Amino acid sequence: MVNSPFLNQTKTTQLQGRKPGESFHCYQITILIGEHTGIWQEVNPVSHALPTFITQLIIITSLTRLLLLLTKPLRQPRIVAEILAGALLGPSVMGRLKQHSQFLDAVFSIPSFMALETMGNIGLIYFLFLIGLEMDMTTINRVGKKPLAIASAGTIFPFLIGVASYYLLLPNLRDDFQLGSIVWGTSLTITSLPVTAQILAELKLLSTDVGKTTMSAALVNTITSWVLVTIMMAIGSDSHKAPWALLSTLGFVLLCVFVIRPITIWTIRRTQKGGSYSEETICIILTAVLGCGLATDLLGTSSMVGAFLFGIVIPNGLLGPRFLEVLKGFVEDLLMPIFFTVSGMRTNLEAVAGGCSWYHVAGVVVLACLGKVVSTVVVSLVYGMRITDGVALGVLMNTKGILALIALNVGRDRGMLEDKAFTVMFISIMVMTMATQPLLSILYKPKTQFLPNKHRAIQRLKPDAELRILACIHEPHSVPAIIRLLEASNPSRRYPIAVFALRLIQLTGHTTALLIIHAPTKSASDQESTNSNNQIHEAFERFEKEHGGVSVQPLTAVSPYGTMHEDICSIAEDKRVTLIILPYHKRQTIHNKMEEVNHAYKDVNNNVLANSPCSVGILVDRGFTGGDDGGAQHIAMLFIGGADDREALCYARRMAAGNPNVTLTVVRFVQRTSGVVELKLSDLINDEEDDEEIHKKKMTESRADESFISEFRVRTMGDKSIVYLEKAVSNGAETIEILRAMGQGGGYDLFVVGRGTGKSSSSSLVTAGIDEWSECRELGTIGDLLVTAEFSSTVSVLVVRQYGGGRGGGGDGVITMNKPPSSLQL
């Protein structure tokens, strides 16, 4: 056993300087070295530091994950579950259980608290570094006067209310706790940007005026709050030397901007190879976080300030996503629950239980909420906003987060707060954060006044109507193929196209969830950033400039994969989109095989297919760059039958209509009977097991196909860029042979097919036996066949599903034509 002389010395110093009435726990930490313990030896494992810490970590992590599952149906932000876990492990609950359990008393003993607190602070340092990385300080320049005024009012008045309520609610205070008013005021001014973003994302308010104003105001408030917290830390260390601490910290900020930032950028770019970094670079970054934290701690503020500053000075998007993903998972899921546990272990509800302390909690909550709500409403009315919007803004600005807890913990550690004041404010912060989303859902229900959008399918559009397309992008490598498809869609003044380029980003941890409408840049100097978002936006802006009749609006949506389809469908509804273009979840390799990029993309596609308010197209990119003859594109449309195939043919026809760069070949598969090609309704309806209702649906669908094809042939009879062919087949095997021959020797750049998974027409005969081994239902039978390994073709594929109103399952049902055949718009 090794005893720590440093701890003994510290203990002695504390006892010599203790004040009357104060008590101290004196203990020694023992660390086992070079000795093996286990259940077979007569030694208690949890009496040593390492096994005790491991046991604590398992209990803390398990409880946090359990509470996350329990609070998820209540749609509470993650921080609520983490705070509750800490409170349960505090003296109010765990402390009572320890009196009846020797195991808990040994695991959560007072001597083990030091190691737990140290690891929690290390996790907090890296967590604040990650928050700094996610904050783009350049957006400060784009904050308008209204968010700036709201943030200013939401900072000044709550601070004054916090100071006043501290003296009003806690009058019997000793002189050494007078600085606690600054802690209370600082805690009440803070608005958590990440938690606010998560609440807005859950309520789908990010794209509203209230959501955008709130995010801008919260960003300004976050910067202001960090300044207040830094000042509070300096005063708490030594009020007489606080000016020197602040000046030296300001000097460190300048050092970070002008010295550390260039060195870090040079180091990362020098070792970057395809988005990955060397082990030395990763070690340097992780060590630099601790080094910056140590520097600000020595300067008299706190290590949290240095870690946050280092995260801010690193340019947004410079570090690879894989590095951030791994670090976030380790910090947020393993280390941060320890910090919340430490905060919870300091929260003793018994300190509030006596007298009228619960009234103090209610008083803080009411005064703090009223301060921000009233000040925000007044400023909102000055800028012409509705009072309901102002109330919603005020409620959202009351959202607290990690920074408020940091302020409380620092105030307690530095002797600025007593236990009762700490507990009252801790509970108040938790109540305000938990109440934000339920209150907002009750008080603020925005009216979604969408313009009528009856034309949700290309087939129902007028010939000269604007085609509104929502192009979804997960990764930059899918952009060239999508732009090439848009170029092939015949953008011109006669056939105008409105493109909404939606960048989809996964919401992980504390990433700021935003739906940003990106205004077109005015000059090339505004596009100096090299991150993937700007690259995508620049590509679509070039597309807009190079083609007439095109308008492009770049958007960015950040949300979890599980609810990403809701954002896509909501935007499609809001923008009155006719067609959603989705990238396939696999991409082509150099060996002409398809490899999976991200399985979550497949789930997003299936969810969009099942819930979309318009038609949907899934693009399988297999080198879609056009031919060698001046960029001409040769497109083949494979028509088997059904609503989806009719929609696909309408889109293909629009591509070729007056477009000199596109040639279209329409291949219709029909059933061969007795060696002669015949199309009779009696041949299409030969299943004796089908009931009468299915018979009627099949007859209706077959008539619609016949009328559609007849009108198409009449209208395109004189168009030399369009070729119509019919292929007679008896079964699915013959269909496969024809498709294989077209892929290998047809010289096509793109296959356009309908998803058509229903058995509503001759498709059940033409594709007989094919759908039995179909792997990807999102592409349908023919689409899935064209991207299998048996087809060595490099022809790209566009699978189209027509909007079918209320049909579920993403288009497996049957559409009955409500209009006569003349409804075909070509």
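Just so we're clear, the structure is a prediction, and the values are computed from it rather than from any experiment.

### With respect to the overall build of the protein chain
Here is step 1 of the chain: Helix and strand counts for the protein chain stand at 29 helices and 14 strands.
Here is step 2 of the chain: A burial count over the protein chain gives 52% of its 826 residues as buried.
Here is step 3 of the chain: Considering only intrachain contacts with a sequence separation of at least 6, the fraction spanning at least 24 residues in the protein chain is 79%.

### Section: the packing of helix α6 (residues 113–134) against helix α18 (residues 402–413)
Here is step 1 of the chain: Axis separation between α6 and α18 bottoms out at 12 Å; the angle between their running directions is 140°. The orientation of α6 with respect to α18, classified from their angle, is oblique. Classified by chirality, the crossing of α18 by α6 is left-handed. Between α6 and α18, the residues in contact are Glu117, Leu124, Phe127, Leu128 and Ile131 and Ile402, Ile406 and Asp413, respectively.

### Examining the pairing of strand β9 (residues 633–639)
Here is step 1 of the chain: Of all seven residues in β9, six are buried, a share of seventy percent or more.
Here is step 2 of the chain: Two elements, β9 and strand β13 (residues 750–754), share four bridges in a ladder whose sense is parallel. Across the sheet, residue Met637 finds its bridge partner in β13, namely Val752.

### What about the confidence of the model for the protein chain?
Here is step 1 of the chain: Here the protein chain averages 77 in pLDDT, and 77% of its residues register 70 or above.
Here is step 2 of the chain: Across the protein chain, element-level confidence peaks in strand β5 (residues 579–583) with a mean pLDDT of 94 and bottoms out in helix α1 (residues 5–16) with 38.
Here is step 3 of the chain: Confidence over residues 448–452 falls short of pLDDT 50; this stretch has four contacts with residues more than four positions distant or in other chains.
Here is step 4 of the chain: Residue range residues 674–689 is modelled with pLDDT below 50. Its contacts to residues more than four positions away, or to other chains, number 24 contacts.

### Thoughts on the pairing of strand β2 (residues 497–506)
Here is step 1 of the chain: In terms of burial, β2 is a largely internal element, eight of the 10 residues being buried.
Here is step 2 of the chain: Where strand β1 (residues 467–473) and β2 come together, seven bridges link them in parallel fashion. In the sheet register, Ile473 faces β2, and the bridge partner there is Arg503.
Here is step 3 of the chain: The β-α-β motif built from β1, the intervening helix α20 (residues 479–488) and the parallel element β2 has right-handed crossover chirality.

### Looking at the nonpolar core
Here is step 1 of the chain: If you look at the biggest cluster of nonpolar residues, it comprises 98 residues, and the most contacted ones within it are Leu128, Phe129, Trp184, Phe310, Ile402 and Ile406.
Here is step 2 of the chain: Filtering out sequence-adjacent residues up to four positions away, Phe129 remains in contact with Ile285, Val289, Ala307, Phe310, Gly311, Ile314, Leu319 and Leu327.
Here is step 3 of the chain: If you look at the next biggest cluster of nonpolar residues, it comprises 51 residues, including Met594, Ala600, Val604 and Ile770.

### Thoughts on helix α22 (residues 564–574)
Here is step 1 of the chain: Of all 11 residues that make up α22, eight are buried, and the element is covered over most of its length.
Here is step 2 of the chain: Within α22 the residues assigned to the buried category are Met564, His565, Asp567, Ile568, Cys569, Ile571, Ala572 and Glu573.
Here is step 3 of the chain: Among the residues trailing α22, Arg576 stands out with phi positive, at a value near 55°.

### Thoughts on the pattern of salt bridges
Here is step 1 of the chain: All chains considered together, the criterion is met by 11 salt bridges.
Here is step 2 of the chain: Glu82 is paired through a salt bridge with Arg78; the nearest N and O atoms lie 2.9 Å apart. Here Glu82 and its partner Arg78 are both found in helix α3 (residues 78–88), four residues apart, which amounts to about one turn of the helix. The burial state of Glu82 is the same as that of Arg78; both residues are buried.
Here is step 3 of the chain: With a shortest N-O distance of 2.7 Å, Arg78 and Asp333 are connected by a salt bridge. With Arg78 in helix α3 and Asp333 in helix α14 (residues 321–345), this residue pair connects regions lying 255 residues apart in the sequence.
Here is step 4 of the chain: Several salt bridges share partner residues, and in doing so they unite Arg65, Arg78, Glu82 and Asp333 into one network.

### Considering the environment of Gly86
Here is step 1 of the chain: Residue placement: Gly86 occurs in helix α3.
Here is step 2 of the chain: Along the chain, Gly86 and Ser343 lie 257 residues apart, while their C-alpha atoms are 6.4 Å from each other.
Here is step 3 of the chain: With residues near it in sequence (within four places) discarded, Gly86 still touches Phe340, Thr341, Gly344 and Met345.

### Side note on the packing of aromatic side chains
Here is step 1 of the chain: Evaluation of the coordinates by the stated rule reveals nine aromatic pairs.
Here is step 2 of the chain: Here the aromatic rings of Tyr166 and Trp184 are separated by 5.2 Å at their centres, their planes lie at 75°, and the arrangement is edge-to-face. Taken as a pair, Tyr166 in helix α7 (residues 145–169) and Trp184 in helix α8 (residues 180–189) lie far apart in primary sequence, 18 residues in all.
Here is step 3 of the chain: Judged by relative accessible area, which is 0%, Tyr166 ranks as buried.
Here is step 4 of the chain: Trp184 sits in the buried class, given a relative accessible area of 0%.
Here is step 5 of the chain: When the centroid spacing of 6.5 Å and the interplanar angle of 5° are considered together, the rings of Phe639 and Phe708 count as stacked. Placement of the pair is Phe639 in strand β9 and Phe708 in helix α26 (residues 692–715), with a sequence separation of 69 residues.
Here is step 6 of the chain: Its relative accessible area of 0% is what places Phe639 among the buried residues.

### Notes on α7
Here is step 1 of the chain: Here α7 spans 35 Å end to end across 25 residues, near enough to the 36 Å set by a 1.5 Å rise per residue.
Here is step 2 of the chain: Buried within α7 are the following residues: Lys146, Pro147, Ile150, Ala151, Ala153, Gly154, Thr155, Pro158, Gly162, Ser165, Tyr166 and Leu169.

### Comments concerning unusual backbone geometry
Here is step 1 of the chain: Even without glycine at this site, Asn490 takes up a positive phi of about 65°.
Here is step 2 of the chain: One can find Asn490 in the loop between α20 and β2.
Here is step 3 of the chain: Its identity as a non-glycine residue notwithstanding, Arg576 has a phi of 55°, on the positive side.
Here is step 4 of the chain: Relative to the elements of secondary structure, Arg576 occurs in the loop between α22 and β5.

### Side note on a nonpolar patch on the surface
Here is step 1 of the chain: There is a patch of nonpolar side chains on the surface, built from Leu254, Leu255, Val257, Phe258, Val259 and Ile263 and spanning about 540 Å² of accessible area.
Here is step 2 of the chain: Assignment of secondary structure puts Ile263 in helix α11 (residues 242–271).

Thresholds, definitions, all that
Residues numbered from 1 in each chain as written. Predicted model: local features only at pLDDT ≥ 70, side-chain atom pairs only at ≥ 80, totals over all residues. Heavy atoms only, no water. Helix = DSSP H or I, 4+ residues; strand = E, 2+ residues; numbered from the N terminus. Buried < 20%, exposed > 50% of the residue type's maximum accessible area, 1.4 Å probe, protein only. Contact = heavy atoms within 4.5 Å. Axes fitted to C-alpha atoms, helices over the stretch in contact; angles between N-to-C directions. Parallel < 35°, antiparallel > 145°, perpendicular 65-115°, else oblique. Left-handed = near helix turned anticlockwise from the far one by under 90°. Pairing = 2+ DSSP bridges. pLDDT = per-residue confidence, 0-100. Right-handed = clockwise from strand over helix to strand, strands pointing away. Core = buried A, V, L, I, M, F, W, Y, C linked by side-chain atoms within 4.5 Å. Salt bridge = Lys/Arg side-chain N within 4 Å of Asp/Glu carboxyl O. Phe/Tyr/Trp six-rings, centres within 6.5 Å; stacked < 30°, edge-to-face > 60°. Expected span 1.5 Å × (residues − 1). Patch = residues over 30% accessible without salt bridge, like charges linked within 9 Å, V, L, I, M, F, W, Y side chains within 5 Å. Areas by Shrake-Rupley, 256 points an atom, 1.4 Å probe, with all protein chains shown as cover.

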